[in-house]
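# Descriptive structure summary
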Amino acid sequence: MGNQLALAWSDGEENYYTFEALRRACPCANCQGEPDALGRVVRPNPTLGPKAFDLISWETVGGYALQFRWGDGHSTGLYSYQYLRNLGD
């Protein structure tokens, strides 16, 4: 396995994502933060070691997202297809 994920979209567009870029863009609350009661988003600064960029496996979630399992055990991010498409643009 290389170090990139390739996605081909139904409109013929293709996007290539490095595993590191995908992990750094993880949309989960632990990585990106979440709003508090006043709507302020506190952005955490997760520590990512070398295994954080090893893609171990992935699975589809419903018909709307992919979920990746990383070498450091992280797997809570749901990457919607729209989110992935936006990352590739």
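An account of the accompanying structure is given in this report. Being a predicted model, the structure only gives us computed values, none of them experimental. (Residues numbered from 1 in each chain as written. Predicted model: local features only at pLDDT ≥ 70, side-chain atom pairs only at ≥ 80, totals over all residues. Heavy atoms only, no water.)

## Concerning the overall build of the chain
Broken down by element type, the chain carries three helices and seven strands. Listed N to C, the secondary structure of the chain is β-β-α-α-β-β-β-β-β-α in terms of helices and strands. For the chain, the spread of C-alpha atoms along the principal axes amounts to about 40 × 30 × 25 Å. The burial tally for the chain puts 30% of its 89 residues in the buried class. If you take every contact in the chain between residues at least 6 apart in sequence, the share linking residues at least 24 apart comes to 34%. Working note: accessible area of the chain is about 5,800 Å², and carbon and sulfur atoms make up 50% of it. Side chains of the chain carry 7 positive and 10 negative charges; the gap between the two charge centres is 8 Å. (Helix = DSSP H or I, 4+ residues; strand = E, 2+ residues; numbered from the N terminus. Buried < 20%, exposed > 50% of the residue type's maximum accessible area, 1.4 Å probe, protein only. Contact = heavy atoms within 4.5 Å. Areas by Shrake-Rupley, 256 points an atom, 1.4 Å probe, with all protein chains shown as cover. Lys, Arg positive; Asp, Glu negative; His and termini not counted. Charge placed at Lys NZ, Arg CZ, Asp CG, Glu CD.)

## Some thoughts on the pairing of strand β5 (residues 55–61)
Pairing of β5 with strand β6 (residues 65–70) involves six bridges; the strand directions are antiparallel. Each residue of the ladder has a partner; that of E59, found in β6, is Q67. With antiparallel pairing between neighbouring strands as the criterion, β5 and β6 make up a hairpin whose turn holds three residues, including G62 at a positive phi of roughly 55 degrees. (Pairing = 2+ DSSP bridges.)

## Description of the nonpolar core
Within the largest apolar cluster, 15 residues are counted, with the highest numbers of intra-cluster contacts made by L22, F68 and L84. At the level of elements, β1 (4–8), α1 (19–24) and β6 are the ones that each hand at least two residues to this core. The element that contributes the greatest number of residues to this core is β6, accounting for three residues. If we ignore the near neighbours within four places in the chain, the residues touching L84 are L7, W9, Y17, L22, L66 and Y79. (Core = buried A, V, L, I, M, F, W, Y, C linked by side-chain atoms within 4.5 Å.)

## Side note on the packing of aromatic side chains
The final tally for this structure, using the stated rule, is four aromatic pairs. Ring centres of F68 and Y79 lie 4.8 Å apart, and the angle between their planes is 70 degrees; this geometry places the pair in the edge-to-face category. In this pair, F68 is assigned in strand β6 and Y79 in strand β7 (residues 78–80), connecting sequence segments 11 residues apart. Residue classification places F68 among the buried residues on the basis of a relative accessible area of 2%. Pairing Y79 with Y83 gives two aromatic rings, centres 6.2 Å apart and planes at 55 degrees, and the pair type is tilted. The class of Y79 is buried, set by a relative accessible area of 1%. Judged by relative accessible area, Y83 falls into the partly exposed class, the value being 27%. What links up through ring pairs into an aromatic cluster is the set F19, F68, W70, Y79 and Y83. (Phe/Tyr/Trp six-rings, centres within 6.5 Å; stacked < 30°, edge-to-face > 60°.)

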